[in-house]
Amino acid sequence: FMKSTAIIGLGAGGHGRVIADIIARSGDYVLHAWLDQNPKLHGTTVCGSNVVGEDSMLVELYSNDVRCAFIGLGSIGDAGLRRRIAANTLEAGFSLPTITDPTALISINSDIDTGTCVFPHAIVNPECYIGRCSIINTRATVEHHCQIGEFCHLAPGSIIGGECTIGNGAHIGIGAVLKEGISVGENAIIGAGAVVISDVASDLTVAGVPAKPLLH
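Residues numbered from 1 in each chain as written. Predicted model: local features only at pLDDT ≥ 70, side-chain atom pairs only at ≥ 80, totals over all residues. Heavy atoms only, no water.

Novice: Describe the sheet that holds strand E16 (residues 159–160), naming the residues involved and giving the relevant values.
Specialist: Read from one edge to the other, the open sheet built from six strands follows the order E7-E10-E13-E16-E19-E22, with strand pairing classed as parallel. The outermost strands of the open sheet, each flanked by one partner alone, are strand E7 (105–106) and strand E22 (195–196). Both strand E19 (residues 177–178) and E22 contribute to a ladder of two bridges, which runs parallel. In the strand pairing of E22, Leu 178 is matched with Val 196. (Pairing = 2+ DSSP bridges. Helix = DSSP H or I, 4+ residues; strand = E, 2+ residues; numbered from the N terminus.)

Novice: Quick one: what's the story with helix H1 (residues 14–26), residue by residue and with numbers?
Specialist: End to end, H1 covers 19 Å across 13 residues, agreeing with the expected 18 Å (1.5 Å per residue, within 8%). Along H1, the residues that are buried comprise His 15, Gly 16, Ile 19, Ala 20, Ile 22 and Ile 23. All buried residues of H1 project into a common sector of 160 degrees when viewed along the axis, lining one side. In H1, those exposed residues whose orientation departs by more than 90 degrees from the buried face are Gly 14 and Ala 24. A positive phi of about 75 degrees marks Gly 27, the residue just after H1. (Expected span 1.5 Å × (residues − 1). Buried < 20%, exposed > 50% of the residue type's maximum accessible area, 1.4 Å probe, protein only. Arc of directions from axis to C-beta.)

Novice: Explain helix H3 (residues 80–91) to me, and be specific about the residues and the numbers.
Specialist: The periodicity of an α-helix, 3.6 residues per turn, causes residues three or four places apart in sequence to face the same way. Taking 1.5 Å per residue as the helical rise, H3 with its 12 residues ought to reach 16 Å, and the 16 Å between its terminal C-alpha atoms agrees with that figure. Gly 80, Arg 82, Ile 85, Ala 86 and Thr 89 are the residues of H3 that are buried. Where H3 is buried, its residues touch strand E1 (5–10), H1, helix H2 (58–63), strand E5 (68–71) and strand E12 (135–136). Once H3 finishes, Gly 93 follows within two positions and takes phi at roughly 105 degrees, a positive value. (Contact = heavy atoms within 4.5 Å.)

In short, the description is geometric, and any link to function would need to be established separately.
This is the structure:
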(Lines give C-alpha, C1' and ligand atoms only; values in the text may rest on other atoms or scores of the structure.)
Protein backbone atom coordinates (compact mmCIF):
# COMPACT_ATOMS: atom_id res chain seq x y z
CA PHE A 1 0.00 0.00 0.00
CA MET A 2 1.22 3.49 -0.85
CA LYS A 3 1.66 5.80 2.09
CA SER A 4 -0.84 8.66 2.02
CA THR A 5 0.60 12.15 1.72
CA ALA A 6 0.42 14.54 4.68
CA ILE A 7 -1.61 17.71 4.05
CA ILE A 8 -2.55 20.76 6.12
CA GLY A 9 -5.87 22.59 6.09
CA LEU A 10 -5.94 26.37 5.97
CA GLY A 11 -9.20 27.28 7.68
CA ALA A 12 -10.99 24.90 10.05
CA GLY A 13 -14.53 26.23 9.59
CA GLY A 14 -17.47 24.52 7.93
CA HIS A 15 -16.07 24.56 4.40
CA GLY A 16 -12.74 23.18 5.54
CA ARG A 17 -14.42 20.40 7.49
CA VAL A 18 -16.25 19.23 4.38
CA ILE A 19 -12.92 19.05 2.55
CA ALA A 20 -11.47 17.10 5.49
CA ASP A 21 -14.27 14.57 5.01
CA ILE A 22 -13.49 14.36 1.29
CA ILE A 23 -9.82 13.73 2.06
CA ALA A 24 -10.71 11.01 4.56
CA ARG A 25 -12.93 9.25 2.02
CA SER A 26 -10.47 9.52 -0.86
CA GLY A 27 -7.52 8.19 1.15
CA ASP A 28 -5.06 10.21 -0.95
CA TYR A 29 -3.98 12.42 1.95
CA VAL A 30 -3.73 12.35 5.73
CA LEU A 31 -4.76 15.57 7.46
CA HIS A 32 -1.64 16.53 9.41
CA ALA A 33 -2.87 19.74 11.09
CA TRP A 34 -4.99 22.85 10.69
CA LEU A 35 -4.01 26.50 10.60
CA ASP A 36 -6.74 29.02 11.38
CA GLN A 37 -6.73 32.74 12.09
CA ASN A 38 -9.32 32.33 14.89
CA PRO A 39 -7.39 32.05 18.18
CA LYS A 40 -10.41 30.39 19.85
CA LEU A 41 -9.79 27.31 17.69
CA HIS A 42 -6.10 27.04 18.56
CA GLY A 43 -5.43 23.96 20.65
CA THR A 44 -8.70 22.31 19.65
CA THR A 45 -9.17 19.19 17.53
CA VAL A 46 -11.19 19.40 14.32
CA CYS A 47 -11.98 16.27 12.29
CA GLY A 48 -9.36 14.37 14.23
CA SER A 49 -6.50 16.83 13.66
CA ASN A 50 -5.13 19.63 15.83
CA VAL A 51 -5.48 23.33 15.10
CA VAL A 52 -1.89 24.29 15.81
CA GLY A 53 -1.91 28.03 15.11
CA GLU A 54 -2.35 30.62 12.41
CA ASP A 55 -1.01 30.99 8.87
CA SER A 56 2.28 32.45 10.10
CA MET A 57 3.26 28.84 10.93
CA LEU A 58 3.34 27.80 7.26
CA VAL A 59 7.12 27.94 7.01
CA GLU A 60 7.55 25.94 10.21
CA LEU A 61 5.22 23.20 9.01
CA TYR A 62 6.99 23.10 5.66
CA SER A 63 10.33 22.59 7.42
CA ASN A 64 8.73 19.60 9.19
CA ASP A 65 8.34 17.89 5.81
CA VAL A 66 4.69 18.68 5.09
CA ARG A 67 4.45 19.77 1.46
CA CYS A 68 0.74 19.88 0.58
CA ALA A 69 -2.08 22.16 1.69
CA PHE A 70 -5.69 22.98 0.88
CA ILE A 71 -7.65 26.19 1.31
CA GLY A 72 -10.44 25.46 3.78
CA LEU A 73 -12.03 28.87 3.43
CA GLY A 74 -15.10 29.30 1.23
CA SER A 75 -16.05 32.50 -0.57
CA ILE A 76 -19.17 34.39 -1.51
CA GLY A 77 -18.53 37.18 -3.96
CA ASP A 78 -15.03 38.12 -2.85
CA ALA A 79 -12.21 35.71 -3.61
CA GLY A 80 -9.58 38.15 -2.35
CA LEU A 81 -8.85 36.35 0.91
CA ARG A 82 -8.63 32.96 -0.81
CA ARG A 83 -6.20 34.51 -3.31
CA ARG A 84 -3.99 35.87 -0.53
CA ILE A 85 -3.97 32.53 1.30
CA ALA A 86 -3.04 30.72 -1.92
CA ALA A 87 -0.23 33.15 -2.70
CA ASN A 88 1.23 32.89 0.82
CA THR A 89 1.00 29.10 0.80
CA LEU A 90 2.71 28.74 -2.57
CA GLU A 91 5.38 31.26 -1.52
CA ALA A 92 6.12 29.06 1.51
CA GLY A 93 6.80 26.17 -0.88
CA PHE A 94 3.59 24.16 -0.56
CA SER A 95 1.67 22.63 -3.42
CA LEU A 96 -2.11 23.00 -3.61
CA PRO A 97 -3.32 19.70 -5.09
CA THR A 98 -6.64 19.11 -6.78
CA ILE A 99 -8.97 17.34 -4.34
CA THR A 100 -11.92 15.31 -5.60
CA ASP A 101 -14.61 13.47 -3.68
CA PRO A 102 -14.90 9.80 -4.71
CA THR A 103 -18.60 10.33 -5.53
CA ALA A 104 -17.93 13.16 -8.01
CA LEU A 105 -18.23 12.31 -11.71
CA ILE A 106 -15.51 13.99 -13.76
CA SER A 107 -15.01 13.37 -17.46
CA ILE A 108 -11.61 11.98 -18.41
CA ASN A 109 -11.74 14.59 -21.19
CA SER A 110 -11.91 17.58 -18.86
CA ASP A 111 -9.05 19.40 -17.15
CA ILE A 112 -9.14 20.62 -13.56
CA ASP A 113 -6.30 22.84 -12.39
CA THR A 114 -4.41 22.75 -9.10
CA GLY A 115 -5.98 23.80 -5.81
CA THR A 116 -9.54 23.18 -7.00
CA CYS A 117 -11.85 21.03 -4.88
CA VAL A 118 -14.70 19.00 -6.36
CA PHE A 119 -17.29 18.18 -3.71
CA PRO A 120 -19.61 15.16 -3.25
CA HIS A 121 -21.86 14.21 -6.18
CA ALA A 122 -20.66 17.09 -8.37
CA ILE A 123 -20.58 16.45 -12.14
CA VAL A 124 -18.07 17.81 -14.66
CA ASN A 125 -18.89 16.67 -18.20
CA PRO A 126 -16.54 16.44 -21.24
CA GLU A 127 -14.32 19.17 -22.69
CA CYS A 128 -14.43 21.45 -19.64
CA TYR A 129 -11.61 23.44 -18.09
CA ILE A 130 -11.77 24.56 -14.46
CA GLY A 131 -9.13 27.02 -13.30
CA ARG A 132 -7.02 26.81 -10.17
CA CYS A 133 -8.35 27.10 -6.63
CA SER A 134 -12.00 26.99 -7.61
CA ILE A 135 -14.82 25.32 -5.66
CA ILE A 136 -17.20 22.92 -7.39
CA ASN A 137 -19.54 22.43 -4.47
CA THR A 138 -21.93 19.63 -3.55
CA ARG A 139 -24.10 18.44 -6.47
CA ALA A 140 -22.99 21.29 -8.74
CA THR A 141 -23.23 20.35 -12.43
CA VAL A 142 -20.89 21.65 -15.13
CA GLU A 143 -22.08 20.62 -18.57
CA HIS A 144 -19.90 20.01 -21.65
CA HIS A 145 -17.48 22.57 -23.13
CA CYS A 146 -17.52 25.01 -20.20
CA GLN A 147 -14.63 27.28 -19.28
CA ILE A 148 -14.52 28.09 -15.55
CA GLY A 149 -11.93 30.60 -14.34
CA GLU A 150 -9.73 30.53 -11.26
CA PHE A 151 -11.01 31.19 -7.71
CA CYS A 152 -14.61 30.66 -8.81
CA HIS A 153 -17.26 29.19 -6.51
CA LEU A 154 -20.06 27.08 -7.95
CA ALA A 155 -22.30 26.72 -4.90
CA PRO A 156 -24.27 23.57 -4.01
CA GLY A 157 -26.84 22.49 -6.59
CA SER A 158 -25.88 25.09 -9.21
CA ILE A 159 -26.26 24.02 -12.83
CA ILE A 160 -24.01 25.38 -15.57
CA GLY A 161 -25.36 24.68 -19.06
CA GLY A 162 -23.11 23.60 -21.91
CA GLU A 163 -20.59 25.99 -23.50
CA CYS A 164 -20.75 28.57 -20.69
CA THR A 165 -17.81 30.77 -19.72
CA ILE A 166 -17.35 31.94 -16.13
CA GLY A 167 -14.73 34.58 -15.35
CA ASN A 168 -12.17 34.53 -12.55
CA GLY A 169 -13.54 35.01 -9.04
CA ALA A 170 -17.21 34.69 -10.00
CA HIS A 171 -19.74 33.24 -7.54
CA ILE A 172 -22.68 31.14 -8.74
CA GLY A 173 -25.19 30.91 -5.89
CA ILE A 174 -26.94 27.86 -4.45
CA GLY A 175 -29.35 26.32 -6.94
CA ALA A 176 -28.69 28.91 -9.65
CA VAL A 177 -29.11 27.83 -13.27
CA LEU A 178 -27.17 29.15 -16.27
CA LYS A 179 -28.67 28.57 -19.72
CA GLU A 180 -26.27 27.10 -22.27
CA GLY A 181 -23.78 29.48 -23.87
CA ILE A 182 -23.92 32.11 -21.12
CA SER A 183 -20.89 34.27 -20.31
CA VAL A 184 -20.38 35.47 -16.72
CA GLY A 185 -17.74 38.13 -16.14
CA GLU A 186 -15.00 38.25 -13.53
CA ASN A 187 -16.09 38.68 -9.89
CA ALA A 188 -19.78 38.63 -10.85
CA ILE A 189 -22.28 37.25 -8.32
CA ILE A 190 -25.27 35.14 -9.33
CA GLY A 191 -27.85 35.04 -6.54
CA ALA A 192 -29.20 31.83 -5.05
CA GLY A 193 -31.92 30.27 -7.19
CA ALA A 194 -31.39 32.69 -10.08
CA VAL A 195 -32.08 31.62 -13.66
CA VAL A 196 -29.57 33.28 -15.97
CA ILE A 197 -30.70 33.58 -19.60
CA SER A 198 -28.42 36.43 -20.76
CA ASP A 199 -24.76 37.30 -20.27
CA VAL A 200 -23.62 38.87 -16.99
CA ALA A 201 -20.94 41.58 -16.99
CA SER A 202 -17.91 41.61 -14.69
CA ASP A 203 -18.46 42.83 -11.09
CA LEU A 204 -22.25 42.70 -11.54
CA THR A 205 -24.68 41.07 -9.08
CA VAL A 206 -27.81 39.52 -10.55
CA ALA A 207 -30.72 37.66 -8.94
CA GLY A 208 -34.21 36.45 -9.67
CA VAL A 209 -36.08 34.53 -12.37
CA PRO A 210 -35.05 35.56 -14.93
CA ALA A 211 -31.91 37.04 -13.37
CA LYS A 212 -31.69 40.83 -13.41
CA PRO A 213 -29.09 43.24 -11.97
CA LEU A 214 -29.55 44.27 -8.36
CA LEU A 215 -29.67 48.02 -7.92
CA HIS A 216 -27.37 49.35 -5.22
